[in-house]
Amino acid sequence: MSNEKSKYNHSDYMPKDSVSADMKDSLSSEFSNESIDVEEPCSSQETLNVDVVECVKSDREVQYTTNPEMGVVLPRDSFGPWAKIVSVVFNPFILSTYFMLIAMWCTPLSNINLNIRLGATAMILVLTDWGPSLFKVAMMRFGRKNNPEKKRMGGFTIVDFVFMFFLGLAAYYLYSLHAPGWLVQFFIAGAVTLIVSRLLDFFVTLSRHTVFMGTFTAAVFYLFRYHICILYPTISMAIMILLAGLMVSSRLFLTDKNIVQCSLGYVIGFVITYITMSLPLINNIYYNF
């Protein structure tokens, strides 16, 4: 042991504090010749004044938002991909098909032949979802590089007029099949809701996603109100309220809409749809459906 201690004590390495003067001079001259560029940080006032910063990355518009307390700009995508999933799965075009599925399998219409129900549901899918979606894609592919919804005519967009046209076709199709009045009037209510919401855009810009989520919720509530749907009303309406909350949250994350615009759109869609479906407009004998 004593030999090992003497071995380590008698080493010829250089301690940390014993740096030669020549080495110090060489190090100082080396770093003095290099220039380090330091960006001047922006003032806190400039950072706090930034609300939304838009940039283009990979031909896609990415929105950024600021945290006023931290003074840091963060991408909205960092809030989670679930917001995009909710907006896509429950977009305004597909909600009509969801209600058609409920009507065909969770109401007395479930007694109709299966092939008739499948055919009617497929036709509604083509008219209210594929039709407007293909038109929108065609405009972006062949006519316009930007989003066609940005071209407005008054408070309406081109896609709005196309969507109203297909909703009218769906209502006429179901009416010709002698579907019950509440089912036909659901599609009429969708067109009326779209018109009213776009007219209100002159005063306050509403979220179309939340407007049609309110339409969907009102239609399901109507089925329970008049004991048409055979599902459990409490559980079903709780799920509808949960979906509405997810939709409002997703639009807050993905767009520049605020809580008032999203919530007001939901309420307007709910009220207009429920009133329209409650009116005695169509009295079809649905057993011929």
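This structure is a prediction, so every number in the text was calculated from the model and none was measured.

1. Side note on the overall build of the protein chain
And step 1. Across its full length, the protein chain holds 11 helices and five strands.
And step 2. Relative to its 289 residues, the protein chain shows a buried fraction of 40%.

2. Comments concerning the packing of helix 5 (residues 95-105) against helix 9 (residues 208-225)
And step 1. Running from amino to carboxyl end, helix 5 crosses helix 9 at an angle of 10°, the nearest separation of the two axes being 10 Å. Taken together, the axes of helix 5 and helix 9 lie roughly parallel to each other. On helix 9, the residues that touch Leu-95, Tyr-98, Phe-99 and Ile-102 of helix 5 are Phe-212, Met-213, Phe-216, Ala-219, Val-220 and Leu-223.
And step 2. Tallied by class, residues from the contact of helix 5 with helix 9 come to 10 nonpolar, no polar and no charged.

3. Focus on the packing of helix 10 (residues 233-254) against helix 11 (residues 259-278)
And step 1. Across the interface, helix 10 lies against helix 11 with an axial gap of 9 Å and an inter-helix angle of 145°. In terms of crossing hand, the pair formed by helix 10 and helix 11 is right-handed. On helix 11, the residues that touch Ala-244, Val-248, Arg-251 and Leu-252 of helix 10 are Ile-259, Cys-262 and Tyr-266.
And step 2. Considering only residue class, the contact of helix 10 with helix 11 consists of six nonpolar, no polar and one charged.

4. Observations regarding helix 7 (residues 158-176)
And step 1. The terminal C-alpha atoms of helix 7 lie 28 Å apart, and with 19 residues this matches the ideal 27 Å at 1.5 Å per residue to within 8%.
And step 2. Turning to helix 7, its buried residues number three or more, namely Ile-158, Val-159, Asp-160, Val-162, Phe-163, Met-164, Phe-166, Leu-167, Ala-170, Ala-171 and Leu-174.
And step 3. Once helix 7 finishes, His-178 follows within two positions and takes phi at roughly 60°, a positive value.

5. What about empty space enclosed by the protein?
And step 1. Summed over the entire model, instances satisfying the criterion amount to one cavity of 30 Å³ or more.
And step 2. Here the largest cavity defines a volume of roughly 70 Å³.
And step 3. Pro-92, Leu-95, Ser-96, Leu-167, Phe-186, Phe-187, Gly-190, Phe-212, Thr-215 and Phe-216 are the residues that line the largest cavity.
And step 4. Broken down by secondary-structure element, the contributors of at least two residues to the lining of the largest cavity are helix 5, helix 8 (181-200) and helix 9.

6. Overview of the nonpolar core
And step 1. In terms of nonpolar packing, the biggest core is built from 57 residues, with Phe-99, Trp-182, Leu-183 and Phe-187 touching the most fellow members.
And step 2. Going through the elements one at a time, helix 5, helix 6 (114-143), helix 7, helix 8, helix 9, helix 10 and helix 11 are the ones with two or more residues in this core.
And step 3. Ranked by residues supplied to this core, first place goes to helix 9 with 10 residues.
And step 4. The residues touching Phe-99, leaving out its near neighbours within four places in the chain, are Trp-182, Leu-183, Phe-186, Phe-216, Ala-219, Val-220, Leu-223 and Met-277.

7. With respect to the confidence of the model for the protein chain
And step 1. Mean pLDDT over the protein chain stands at 78; residues scoring 70 or higher make up 66%.
And step 2. When pLDDT is averaged over each helix and strand of the protein chain, the minimum, 38, is found for strand 1 (residues 52-57) and the maximum, 97, for helix 5.
And step 3. This stretch, residues 34-74, has a pLDDT under 50; its non-local contacts, to residues over four places away or in other chains, come to 44 contacts.

8. Some points on the environment of Pro-132
And step 1. Along the chain, Pro-132 turns up in helix 6.
And step 2. When the C-alpha positions of Pro-132 and Val-162 are compared, they lie 6.3 Å apart, and in sequence the two are 30 residues distant.
And step 3. If sequence neighbours within four positions are ignored, Pro-132 has contacts with Phe-93, Leu-127, Val-162, Phe-163 and Phe-166.

9. Some remarks on helix 4 (residues 82-89)
Think of an α-helix as turning once every 3.6 residues; residues three or four places apart then point the same way.
And step 1. Restricting attention to buried positions, one finds in helix 4 the residues Ala-83, Val-86 and Ser-87. Seen from one end, helix 4 has its buried residues packed into an arc of 95°, which puts them on one side. In this structure, helix 4 carries Ile-85 and Val-88 as exposed residues pointing more than 90 degrees from its buried face.
And step 2. Elements in contact with the buried residues of helix 4: helix 9 and helix 10.

10. Quick notes on a nonpolar patch on the surface
And step 1. Nonpolar side chains collect at one region of the surface, where Val-267, Val-271, Ile-275, Leu-279 and Leu-281 lie side by side and expose about 420 Å² of accessible area between them.
And step 2. Within the element layout of this structure, Ile-275 appears in helix 11.
And step 3. By relative accessible area, which is 48% here, Ile-275 ends up partly exposed.

Calculation rules
Residues numbered from 1 in each chain as written. Predicted model: local features only at pLDDT ≥ 70, side-chain atom pairs only at ≥ 80, totals over all residues. Heavy atoms only, no water. Helix = DSSP H or I, 4+ residues; strand = E, 2+ residues; numbered from the N terminus. Buried < 20%, exposed > 50% of the residue type's maximum accessible area, 1.4 Å probe, protein only. Axes fitted to C-alpha atoms, helices over the stretch in contact; angles between N-to-C directions. Parallel < 35°, antiparallel > 145°, perpendicular 65-115°, else oblique. Contact = heavy atoms within 4.5 Å. Nonpolar A, V, L, I, M, F, W, Y, C, P; charged D, E, K, R; others polar. Left-handed = near helix turned anticlockwise from the far one by under 90°. Expected span 1.5 Å × (residues − 1). 1 Å grid on protein atoms, 1.4 Å probe; cavity = no way out; pocket = protein on both sides within 12 Å on 5 of 7 lines; lining within 4 Å. Points joined across faces, edges and corners; volume = space filled by probe spheres on them. Core = buried A, V, L, I, M, F, W, Y, C linked by side-chain atoms within 4.5 Å. pLDDT = per-residue confidence, 0-100. Arc of directions from axis to C-beta. Patch = residues over 30% accessible without salt bridge, like charges linked within 9 Å, V, L, I, M, F, W, Y side chains within 5 Å. Areas by Shrake-Rupley, 256 points an atom, 1.4 Å probe, with all protein chains shown as cover. Salt bridge = Lys/Arg side-chain N within 4 Å of Asp/Glu carboxyl O.

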